[in-house]
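Residue-level structure breakdown
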Amino acid sequence: MNRLNVPQEGGCRCGQVRLKISAAPIITMACHCTGCQKMSSSAFSLSAAIPAEGFEVIAGEPVIGGLHGATRHYFCPHCLTWMFTRPEGMDWFVNLRSTMLDDTSGVAPFVETFTSEKLPWVATSAMHSYETFPPMEAFGGLIQEFAERTASA
């Protein structure tokens, strides 16, 4: 398993919104739900959960898009790239679309979710798979295992 080097910068496709991470991910994921398929225009979305204190927008002003609900999905206002999500009630991390990073070599998905909605031809290298979302009680062990594996990478 690869380790993501920090600090690191990234940005949207057009470059008007730039961000910086100064903390390693808590966990990396691929989500196969149909919502992520539609929002990413792809077979799945990739994300890295970054501790909130280790994430900052350094240029531009992202706008809220997607469903405009309690969970806030942020996009570039110009190119409309889906950049990151701030999940409702979980302000301690930012769910960064890991493909926004300038160097994506260390962000393979550790967990894949919503495999029940996965396109039949899709495969990832994720070590753990869930038909929907992992139960909340599973996250402690997943986060610990992810930390151990990336520390030894």
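Residues numbered from 1 in each chain as written. Predicted model: local features only at pLDDT ≥ 70, side-chain atom pairs only at ≥ 80, totals over all residues. Heavy atoms only, no water.

1. A few points about the pattern of salt bridges
Definition in use: We count a salt bridge whenever a side-chain nitrogen from Lys or Arg sits within 4 Å of a carboxyl oxygen from Asp or Glu. Secondary structure elements follow DSSP: runs of H or I of four or more residues count as helices, runs of E of two or more count as strands, with numbering from the N terminus. Relative accessibility under 20% of the residue-type maximum defines a buried residue, over 50% an exposed one, and the middle range a partly exposed one, all with a 1.4 Å probe and only protein chains included.
Taken as a whole, this structure holds four salt bridges when the rule is applied. In this structure, Arg72 engages Asp91 in a salt bridge whose closest nitrogen and oxygen atoms are separated by 4.0 Å. Taken together, the residues span a long stretch of sequence, with Arg72 in strand 7 (residues 72–75) and Asp91 in the loop between strand 8 (82–86) and strand 9 (93–96) at a distance of 19 residues. On the basis of relative accessibility, which here comes to 23%, the residue Arg72 falls in the partly exposed class. With relative accessibility at 55%, the residue Asp91 sits in the exposed group. Arg149 is the salt-bridge partner of Glu145, the closest N and O atoms lying 2.9 Å from each other. Taken as a pair, Glu145 and Arg149 lie in helix 2 (residues 139–151) at a separation of four residues, close to a single helical turn. A relative accessible area of 21% places Glu145 in the partly exposed class. Each member of the salt-bridge network shares a partner with another, and the members are Glu9, Arg18 and Asp102.

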